[in-house]
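Reading the structure
So the chains spell out like this:
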Amino acid sequence: MRNKWNRRTIVLAAAALIMTAGAASGRAMAYFTTYVTAEGGKELQLGFTATEPEEKIVNGAKEITIKNTGENDCYVRVKVFAGSKYTLTLGESDSRWKAGADGYYYWTEILPAGESGITGILKINIGCEDAEADSFNVIVVQECTPVPYDEEGGQLSWDKVDWSREANVVKTGEGNP
């Protein structure tokens, strides 16, 4: 039986095979150059939110403002305490302060970081049963939390904030993980 494969047929078959492999290799190379891995590291600084209250006594009322001195925008809330002989009531305050059912007063807008990050005045009137009291102690507790986001990346409003969250700070170094 005579060999049907002559030199010309073998060359054409090899050329067709090379052209087919060459056409497919472009997609394969695109795949391998798109999906790569990398090694190394970069320190990431997220920063913390920090706020400072400012309190003044004006005409028997405590006027409170909160300034955002941190690196992130935040929400703030304030709670005011005094002894049992004092009566604390909300005075004529900035309308963006809202009383919560939990005894806190909430600033309803995002408090931006930096120089412009200061709330309007929260005015707490201080009444006293003892007419002869010449001094009193009213304690102001303020808290802040970074602005939280939902699953789609939208900012949550002040009334949707989870105030039970805590910041976990882990210090690394000698003797620590």
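Provided above is the structure to which this section pertains.
Throughout, a residue's number is its position along its own chain's written sequence, starting from 1. pLDDT decides what is reported in this predicted model: residues at 70 or higher carry local features, side-chain atom pairs at 80 or more are listed and counted, and totals for whole chains, interfaces and linings draw on all residues regardless. Water and hydrogen atoms were dropped before computing side-chain values, which therefore reflect all heavy atoms in the structure.

**A word on the state of the cysteines**
We call a pair of cysteine sulfur atoms a disulfide whenever their separation is within 2.5 Å. The tally for this structure, following the rule as stated, stands at zero disulfides. No disulfide involves C74; its nearest neighbouring cysteine sulfur is the one of C144, lying 4.9 Å away. On the accessibility criterion, C74 (0% relative accessible area) is buried. Here's how the labels work: a residue is buried when its accessible area is under 20% of the maximum for its type, exposed when over 50%, partly exposed in between, all with a 1.4 Å probe on protein chains only.

**Points about the nonpolar core**
Residues belong to a common nonpolar core when they are buried Ala, Val, Leu, Ile, Met, Phe, Trp, Tyr or Cys residues joined through side-chain atoms within 4.5 Å. Judged by nonpolar contacts, the single largest core of 16 residues is most densely connected at I64, I66, V76, V78, V80, W97 and L122. The set of elements that each furnish at least two residues to this core consists of β2 (61-68), β3 (74-82), β6 (105-107), β7 (122-128) and β8 (138-146). We count a stretch as a helix when DSSP gives it H or I for four or more residues in a row; a strand needs E for two or more, and each element gets its number in order from the N terminus. Here this core gets four residues from one element, more than from any other, and that element is β3. Two residues form a contact once any of their heavy atoms are found within 4.5 Å. Apart from the residues within four sequence positions on either side, I66 is in contact with T51, E52, P53, V76, V78, W97, L111, G117, I118, T119 and Q142. In terms of nonpolar packing, the next biggest core, distinct from the first, is built from six residues, Y75, Y104, V161 and W163 among them.

**Points about the environment of S95**
In this structure, S95 sits in the loop between β4 (86-90) and β5 (97-99). Its relative accessible area of 57% is what places S95 among the exposed residues.

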